[in-house]
Amino acid sequence: MISPAQSRAARGLIGWSQTELAQAAGMSLPTVKRFETGTGARVSPDAIATMRRALESAGVIFVDENGEGPGVRLRKVR
(Lines give C-alpha, C1' and ligand atoms only; values in the text may rest on other atoms or scores of the structure.)
Protein backbone atom coordinates (compact mmCIF):
# COMPACT_ATOMS: atom_id res chain seq x y z
CA MET A 1 0.00 0.00 0.00
CA ILE A 2 1.19 3.55 -0.67
CA SER A 3 0.33 6.71 1.19
CA PRO A 4 -1.29 9.84 -0.26
CA ALA A 5 1.99 11.70 0.32
CA GLN A 6 3.92 9.06 -1.64
CA SER A 7 1.46 9.39 -4.51
CA ARG A 8 1.86 13.17 -4.62
CA ALA A 9 5.66 12.89 -4.41
CA ALA A 10 5.74 10.24 -7.14
CA ARG A 11 3.70 12.44 -9.46
CA GLY A 12 6.07 15.30 -8.75
CA LEU A 13 9.12 13.19 -9.66
CA ILE A 14 7.71 12.25 -13.04
CA GLY A 15 5.91 15.55 -13.68
CA TRP A 16 2.38 14.12 -13.78
CA SER A 17 -0.77 15.96 -12.84
CA GLN A 18 -3.61 14.22 -11.03
CA THR A 19 -5.39 14.07 -14.39
CA GLU A 20 -2.44 12.26 -15.98
CA LEU A 21 -2.34 9.74 -13.14
CA ALA A 22 -6.08 9.14 -13.46
CA GLN A 23 -5.71 8.54 -17.20
CA ALA A 24 -2.70 6.23 -16.79
CA ALA A 25 -4.51 4.24 -14.10
CA GLY A 26 -7.78 4.13 -16.05
CA MET A 27 -9.80 5.70 -13.25
CA SER A 28 -11.65 8.89 -12.54
CA LEU A 29 -9.97 12.12 -11.50
CA PRO A 30 -12.20 12.39 -8.39
CA THR A 31 -10.86 9.02 -7.19
CA VAL A 32 -7.26 10.24 -7.44
CA LYS A 33 -8.18 13.51 -5.71
CA ARG A 34 -10.02 11.70 -2.89
CA PHE A 35 -7.03 9.45 -2.28
CA GLU A 36 -4.41 12.19 -2.32
CA THR A 37 -6.41 14.57 -0.13
CA GLY A 38 -7.98 12.01 2.19
CA THR A 39 -11.39 13.62 1.80
CA GLY A 40 -14.70 12.15 0.71
CA ALA A 41 -15.47 8.48 0.30
CA ARG A 42 -12.76 5.95 1.06
CA VAL A 43 -10.69 4.78 -1.93
CA SER A 44 -10.53 1.00 -2.29
CA PRO A 45 -7.26 -0.89 -1.87
CA ASP A 46 -7.67 -2.16 -5.46
CA ALA A 47 -7.84 1.42 -6.79
CA ILE A 48 -4.76 2.40 -4.77
CA ALA A 49 -2.89 -0.64 -6.13
CA THR A 50 -3.87 0.38 -9.67
CA MET A 51 -2.50 3.89 -9.11
CA ARG A 52 0.69 2.40 -7.70
CA ARG A 53 1.17 0.18 -10.77
CA ALA A 54 0.64 3.14 -13.10
CA LEU A 55 3.27 5.18 -11.25
CA GLU A 56 5.69 2.25 -11.14
CA SER A 57 5.30 1.72 -14.89
CA ALA A 58 6.35 5.35 -15.33
CA GLY A 59 9.59 4.71 -13.42
CA VAL A 60 8.73 5.33 -9.78
CA ILE A 61 10.05 3.06 -7.02
CA PHE A 62 8.20 3.14 -3.72
CA VAL A 63 10.38 2.86 -0.62
CA ASP A 64 8.81 1.22 2.41
CA GLU A 65 9.03 2.56 5.95
CA ASN A 66 12.60 1.96 7.12
CA GLY A 67 12.87 4.03 10.27
CA GLU A 68 13.07 7.29 8.32
CA GLY A 69 9.60 7.09 6.81
CA PRO A 70 8.28 5.87 3.47
CA GLY A 71 9.41 7.55 0.28
CA VAL A 72 9.78 7.45 -3.49
CA ARG A 73 12.62 7.53 -5.98
CA LEU A 74 13.13 7.09 -9.71
CA ARG A 75 14.32 3.89 -11.33
CA LYS A 76 17.74 4.13 -12.96
CA VAL A 77 17.64 4.53 -16.72
CA ARG A 78 19.36 1.58 -18.38
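The following refers to the structure shown.

Cut-off values and rules
Residues numbered from 1 in each chain as written. Predicted model: local features only at pLDDT ≥ 70, side-chain atom pairs only at ≥ 80, totals over all residues. Heavy atoms only, no water. Buried < 20%, exposed > 50% of the residue type's maximum accessible area, 1.4 Å probe, protein only. Helix = DSSP H or I, 4+ residues; strand = E, 2+ residues; numbered from the N terminus. Pairing = 2+ DSSP bridges. Salt bridge = Lys/Arg side-chain N within 4 Å of Asp/Glu carboxyl O. Contact = heavy atoms within 4.5 Å.

So, the pairing of strand 1 (residues 60–63)
Of the two faces of strand 1, the one holding V60 and F62 is buried and the one holding I61 and V63 is not buried anywhere. Here strand 1 pairs with strand 2 (residues 71–74) via four bridges, running antiparallel. In the strand pairing of strand 2, I61 is matched with R73.

Overview of the pattern of salt bridges
Pairs can form between side chains of opposite charge whenever their charged atoms are close. Under the definition given, this model contains two salt bridges. Taking the shortest distance from any N to any O, the salt bridge between R52 and E56 comes out at 2.9 Å. In this pair, R52 and E56 both sit in helix 4 (residues 45–57), four residues apart, roughly one turn of the helix. Residue E56 is classed as partly exposed on the basis of its relative accessible area of 27%.

Overview of the side chain of S7
Mapped onto the elements of the fold, S7 is located in helix 1 (residues 4–14). A residue is classified by how much of its surface remains accessible, and S7, at 0% relative accessible area, is buried. When neighbours within four sequence positions are excluded, S7 is seen to be in contact with I2, L21, F35, E36 and L55.

Focus on the environment of G59
Relative to the elements of secondary structure, G59 occurs in the loop between helix 4 and strand 1. The buried category is assigned to G59, whose relative accessible area is 9%. A C-alpha to C-alpha distance of 9.2 Å links G59 and A10, two positions 49 residues apart in sequence. In this view, G59 contacts R73, L74 and R75; residues no more than four positions away in its chain are not counted.

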